[in-house]
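Structure at a glance
Here's the letter readout for the chains.
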Amino acid sequence: MERGWKEAGLVVLGIVLHALYMLSIFDIYFKTPIVHGMEPVSPRIQPPAKRLVLFIADGLRADKFFEMDASGRYRAPFLRSVIREKGRWGVSHARPPTESRPGHVAIIAGFYEDPSAVTKGWKANPVEFDSIFNRSRQTIAFGSPDIVPMFCAELSNSHWKSYPHEYEDFATDASFLDEWSFEQLRDFLNRSKTDTNLEKIFDGDQLVIFLHLLGCDTNGHAHRPFSSIYLNNIEVVDAGVKATVELVERIFADQRTAYIFTADHGMSDKGSHGDGHPANTETPLVVWGSGVRRPSPASPEDYEDDDTKFVDQHERHPPTPLGWGLRDIERVDVNQGDIAPLMSTLLGLPCPMNSVGSLPVAYLDLNEADVAEAVFANAKQILNQFLQKSRLKQATSLKFKPYMPLADYETIVKEIRKLIDKHQYETAIESAQDFIRLSLAGLHYFQTYDWAFLMSTVTMGYLGWMIYVLLHIIKNYTSILSHPSIPARKSKASPVQKNTVRIVGVSTLGVCSIILMVEHAPVLYQLYLALALLLWTEILSDSDFLYSVWNAVFSASPMSFIRTALASAVFILILEVLVLSFFMREVYTGVFLVGGVVGAVAVSCNIPGLSMIPAFVWASCWFLSVFTLLPVQISDNILFVVGSGFVVLGLAFWSWQLDRSLPADQAMRSIVCGPFYKSRRSNKIFYIQVAVVVAMSTCMVWVSTSIRGQKRGLPLPIQLMNWFLAGISIILPAFSAPEILGRLTSIFLGFAPPFLLLSIGYEAFFYSALALALISWILVEATLIHSPVNVDHDDASFHSVICDSIAPAFKATRPLKLGDMTVALCFIVLINVAFFGTGNVASLASFEISSVYRFITVFSPYTMAALLLWKLLIPFILVTCAFSAVMKLLKLPRLGCYFVVMLFSDIMTIHFFFLVRNTGSWLEIGQSISHFGIMSAQVVFVLLLFSITNVFTRDIVVSPREQVKLT
């Protein structure tokens, strides 16, 4: 009982440690950049515009907007005429994550999303921030319920309206959503002619009108950005913008309105967004109206590279594609965050106080004095953020380290002011822009001020945890220390010595905690440090056990030592190969090509005469190796999904008949198929799964896709039938026959319907390929049991550890040995294949939203996310069920194997922790954090998988090995 509680405590400690250290990446990289307490800086200029109209076409990628269609026409004739006759144009470069909220935050507030908002799925911000809407006298907004309320609901100076969520139906043409927004503004403007209250809203300056146009995003997700529906939606948007501009110009005849048309993000060819691909980061930008410079002819200097890059790491002066037909007009690209200071300057407003955007002066039609004043105000606004962060950090640091390049910032400010006063405007503008870059570097310095402390603390915590788990495995799950050749320690450590170590550890923690409290460090900082110190204190306090382990290592025979060292090196090498696989999926192709050959040879050597089994092992591994060579972007192919359904049925019947193909006295039949005959109940369950559930699910795939292909909403009875099939199928395996192969076949059939219904292309075949590889793994492990080396070693291990009064044949588990580590290693390889077999879970763009359309078509983010996660979870469940079967087969301790998996996973986790980047593109930084998070979560995730799969595998029965008669 005491050991059970101790191991439960260790599991809980592991969950807490990994959850806590996963949070450390939020303190290192997802720490909010938002600070408060600064004073706004108003530009000393006469506002060129009284009002500004902002159009944001959600999900509109630049190339589809600018290029010609198949007939040689341009899709946005009105906005194209604006580019050539009235205003300025360029490409706005977004920074990943290219999602709706981060894009709108960058445009409206000027900073690239508060990273801490990831904890709320980019849907809400944990920290309040300033925006152009806050600064305006009045904001009028119409559009999506996911965007407009997010920015306007809490503002007293706003009038807004959004349509119901039910309007966002992916089964229809969503361009009507844009027409709704245009119509709402048109009615609002027309009512202002007769409504005195509305007239007061429009009477005055500093007015912002915002239209959020969701049609392109919804149609891009549902139909892809190269579909006629998406491309026609661009024409709908262009026509709506034209009608809106004409109406505004009629109502406000003062020519004091500025217009900005852009997008929050683009859209990949597969209908998704989120990563740093140019299709997602490059969006159109068209600016015209009061205060905006008119078009200029392009010059060769426009394409000279100055070695600087945009936030998406694209070149500053890329050549304009010939198909856009705009090479003769000057192009001015900007970072997405630069749009906020541009809007502020046009309205004469202070820049949003947390903005990091730089004013794009090439868009302004102002005199040099006003441009210099505007850029100077932009620089002082960013400087104020730097100074506030510096003051906050200095107030809480015992030994403060200032950012030296800005130690004499007051002199720089005075020099720029002198340049403006002396009418040296060009020099003043250049100096202010350099000052902006220096202030941004200072902001980054304080954003990563605690980086060294956090990295070193978390590293020591992980190392302590790994050593502690390793020692626990050696003490409780192996027979290493019971060997008679290991000398015992002559003098045991006294309780006083152990307590002394603990007192020193607790005292060190107390001193460090006091220092952190004086510096007003977050509570999490103290928890990171406390875990690390407590783990190392516990390790060092058990000196007797450490001494025994030391003697066990160095008293072993040279051959045993070399064998253990080589095995450990091979294990670590394989784990490093798995680390590489996060960057190159093709690594798994090589792993399974080699694994297929090794497995086939192992079967042939241990049980000769089974020529078909080695061939099956080799073929199944090689079949699975193909999938990591296929593209991550999965194209719709209904024939693949339906064909995979027939493959599932074929594999089920093959597995059902496998035991009949083995002779009655074969060892393989006794172990894998078991001594149990299938009952009538299990026969009925098999036929129900095959003939009813899987077959009907395959038919429903075809029916659902055919209906959607007609651009009609999916009828409710069809949706309910899909939900029913997916739900009932996962219940049936728990009632199937308990022998290994029969139960795993039933599990394979049980999870096939939901996976098929959530598949859109070749990934449906991956499900069957993975199942074949898992069966091969079980067959290989079953044959290795009969290796003479294994049998002899097992007998020695049993008698050295288990009491003589207990027969080994009836003991539930046996001690772990070095060779058993390969079982845990195979499990980690297969779990990672489940991660990366058909995509890349570390990339947001790998989540294919069209996978859920057979269950739901009306936009519901939580339901859709749950379905996508369920699809991702199914391969993991298959792998874990097979792992559980192998543990039963080899009589391995379930919890001991779990700790081994944790240890191996943490070797990869700490590697990824060192690979986390704070330089380079945001895509590279984000992926490095994702890799670390995936491996950290995988350790906790495995425990969840063990719990889920225990429902299906807890009653699996394996015949005792002593009953197996070798031929």
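Note that this is a predicted model, so its numbers are computed, not measured.

A look at the overall build of the protein chain
Check the secondary structure of the protein chain and you find 34 helices and eight strands. In the protein chain, 80% of the contacts between residues at least 6 apart in sequence involve partners at least 24 apart. Within the structure as shown, the protein chain displays about 39,800 Å² of accessible surface, and the carbon and sulfur contribution to it stands at 63%.

Comments concerning the sheet that holds strand S6 (residues 257–262)
Within the open sheet, the eight strands sit side by side as S4-S3-S5-S1-S6-S7-S2-S8. Their pairing is mixed. Each having just a single partner strand, strand S4 (158–162) and strand S8 (334–335) make up the two edges of the open sheet. Direction of pairing for strand S1 (residues 51–57) relative to strand S5 (residues 207–213): parallel, over a ladder of seven bridges. If you follow Leu52 over to S5, its bridge partner there is Val208. Lying over the sheet, helix H4 (residues 100–109) contacts S1, S5 and S6, oriented at roughly 165° with respect to S1. Sheet contacts for helix H10 (residues 228–251): S1, S5, S6 and strand S7 (282–289); angle to S6, the most-contacted strand, approximately 170°.

Here's the deal with the packing of aromatic side chains
For the coordinates displayed, the defined rule picks out 53 aromatic pairs. Consider the rings of Phe446 and Tyr449, whose centres lie 6.0 Å apart with planes at 20°: the pair is stacked. For the pair formed by Phe446 and Tyr449, the shared burial category is buried. When the centroid spacing of 5.6 Å and the interplanar angle of 75° are considered together, the rings of Phe627 and Phe766 count as edge-to-face. With a gap of 139 residues between them, Phe627 in the loop between helix H22 (612–625) and helix H23 (638–656) and Phe766 in helix H29 (residues 763–784) connect regions that are remote in the sequence. Phe766 shares its class with Phe627; the two are buried. The structure contains a cluster of three or more aromatic residues connected by ring pairs, namely Tyr21, Phe453, Tyr462, Tyr525, Tyr528, Phe913, Phe914 and Phe932. Taking NZ or CZ as reference, Arg51 lies 4.2 Å from the ring centre of Phe252, over its face. In this structure, Arg80 is placed above the aromatic ring of Tyr74, and the distance from its NZ or CZ to the ring centre is 3.3 Å.

Side note on the state of the cysteines
Summed over the entire model, instances satisfying the criterion amount to zero disulfides. Here Cys621 is not disulfide-linked; the sulfur of Cys826 is the nearest cysteine sulfur, at 9.4 Å. Residue classification places Cys621 among the buried positions, given a relative accessible area of 10%.

Re the pairing of S7
Burial of S7 is extensive: six of the eight residues sit out of reach of the surface. Relative to S7, strand S2 (residues 88–93) runs antiparallel, the two being bridged by six bridges. Pairing of Arg88 across the sheet is with Val287, part of S7. Looking at chain direction, S6 and S7 are connected through five bridges and run antiparallel. Across the sheet, residue Tyr259 finds its bridge partner in S7, namely Trp288.

What about the packing of helix H21 (residues 587–606) against H29?
Working note: a packed helix pair is described by the angle between its axes plus the distance between those axes. Across the interface, H21 lies against H29 with an axial gap of 9 Å and an inter-helix angle of 35°. Judged by the sense of rotation from one axis to the other, the crossing of H21 with H29 is left-handed. Facing H21, whose interface residues are Gly599, Ala602, Val603 and Asn606, H29 presents Val780, Thr783 and Leu784.

Notes on the pairing of S1
Counting buried positions along S1 yields seven of seven residues, so the element is predominantly enclosed. Burial along S1 is two-sided: Arg51, Val53, Phe55 and Ala57 and Leu52, Leu54 and Ile56, pointing in opposite directions, are all buried. Where S1 and S6 come together, six bridges link them in parallel fashion. Bridging across to S6, Phe55 finds its partner in Phe261.

Topic: the side chain of Ser729
Following the sequence through the fold, Ser729 ends up in helix H27 (residues 716–729). Within the structure, the side chain of Ser729 is placed 3.1 Å from the backbone oxygen of Leu725, a separation counted as a polar contact. A polar contact of 3.1 Å, which involves the side chain of Ser729, links it to the backbone oxygen of Ala726.

What to know about the confidence of the model for the protein chain
Of all residues in the protein chain, 86% attain a pLDDT of 70 or more, and the chain-wide mean is 84. Across the protein chain, S6 holds the top mean pLDDT of 98, while helix H30 (residues 788–801) sits lowest at 40. Contacts of residues 840–846 to residues separated by more than four positions or lying in other chains number 22 contacts, the stretch itself having pLDDT below 50.

Comments concerning the environment of Tyr588
Looking at where Tyr588 falls in the secondary structure, it is placed in helix H21. A relative accessible area of 1% means that Tyr588 is categorised as buried. Remark: the alpha-carbon pair of Tyr588 and Thr628, spanning 40 residues in sequence, is separated by 6.5 Å. Apart from the residues within four sequence positions on either side, Tyr588 is in contact with Leu578, Ser581, Thr628, Val829, Asn832, Val833 and Phe836.

Things to note about unusual backbone geometry
Although it is not a glycine, Gln206 adopts a positive phi angle of roughly 55°. Secondary-structure assignment places Gln206 in the loop between helix H8 (196–202) and S5. Owing to a relative accessible area of 23%, Gln206 belongs among the partly exposed residues under this scheme. Of note in this structure, Lys891 is not a glycine but carries a positive phi near 60°. For Lys891, the position within the fold is in the loop between helix H32 (861–890) and helix H33 (894–915). Exposure remark for Lys891: the relative accessible area of 13% places this residue in the buried category.

Some points on H32
Because the α-helix completes a turn every 3.6 residues, residues three or four places apart line up on one side. In this model, H32 (30 residues) spans 44 Å end to end at C-alpha, consistent with the 44 Å of a helix rising 1.5 Å per residue. Remark: the principal bend of H32, roughly 25°, maps to Leu873, with a proline, Pro875, within the next four residues. The element H32 is extensively covered by neighbouring structure, given that 21 of its 30 residues are classed as buried. Positive backbone phi, approximately 60°, marks Lys891, located one or two places after H32.

Re the environment of Glu739
Mapping Glu739 onto the fold places it in the loop between H27 and helix H28 (740–757). For Glu739, the side chain forms a polar contact with the main-chain nitrogen of Leu741, separated by 3.1 Å.

Remarks on a nonpolar patch on the surface
Taken together, Trp550, Val553, Phe554, Met559, Phe561, Ile562 and Leu566 make up a surface patch of nonpolar side chains, about 760 Å² in accessible area. For the nonpolar patch, the elements supplying multiple residues, two or more each, are helix H19 (543–554) and helix H20 (558–581). No other element matches H20, which puts four residues into the nonpolar patch.

Side note on the pattern of salt bridges
Note that side chains of opposite charge can pair when their charged atoms are close. A complete count under the given rule lists 22 salt bridges for this structure. Here Asp130 ties to Arg135 by a salt bridge, and the two come within 2.8 Å at their closest N and O atoms. Under the relative-accessibility criterion, Asp130 is labelled buried at 6%. On the basis of relative accessible area, Arg135 is assigned to the partly exposed category, the value being 23%. Linking Arg502 and Glu538 is a salt bridge whose minimum nitrogen-to-oxygen distance equals 3.2 Å.

Examining the side chain of Thr262
In this structure, Thr262 sits in strand S6. Thr262 sits in the buried class, given a relative accessible area of 0%. Polar side-chain contacts of Thr262 include one of 2.9 Å to the backbone oxygen of Pro284. In contact with Thr262, other than residues within four places in its own chain, are Phe55, Ile56, Ala57, Ser92, Ile107, Thr283, Pro284, Leu285 and Ile339.

Rules of the game
Residues numbered from 1 in each chain as written. Predicted model: local features only at pLDDT ≥ 70, side-chain atom pairs only at ≥ 80, totals over all residues. Heavy atoms only, no water. Helix = DSSP H or I, 4+ residues; strand = E, 2+ residues; numbered from the N terminus. Contact = heavy atoms within 4.5 Å. Areas by Shrake-Rupley, 256 points an atom, 1.4 Å probe, with all protein chains shown as cover. Pairing = 2+ DSSP bridges. Axes fitted to C-alpha atoms, helices over the stretch in contact; angles between N-to-C directions. Phe/Tyr/Trp six-rings, centres within 6.5 Å; stacked < 30°, edge-to-face > 60°. Buried < 20%, exposed > 50% of the residue type's maximum accessible area, 1.4 Å probe, protein only. Lys NZ or Arg CZ within 6 Å of the ring centre and 35° of its normal. Disulfide = S-S within 2.5 Å. Left-handed = near helix turned anticlockwise from the far one by under 90°. Polar contact = N/O pair within 3.5 Å; in protein donor to acceptor, adjacent residues only side chain to side chain. pLDDT = per-residue confidence, 0-100. Expected span 1.5 Å × (residues − 1). Bend = angle between axes of the 7 residues up to and from the residue. Patch = residues over 30% accessible without salt bridge, like charges linked within 9 Å, V, L, I, M, F, W, Y side chains within 5 Å. Salt bridge = Lys/Arg side-chain N within 4 Å of Asp/Glu carboxyl O.

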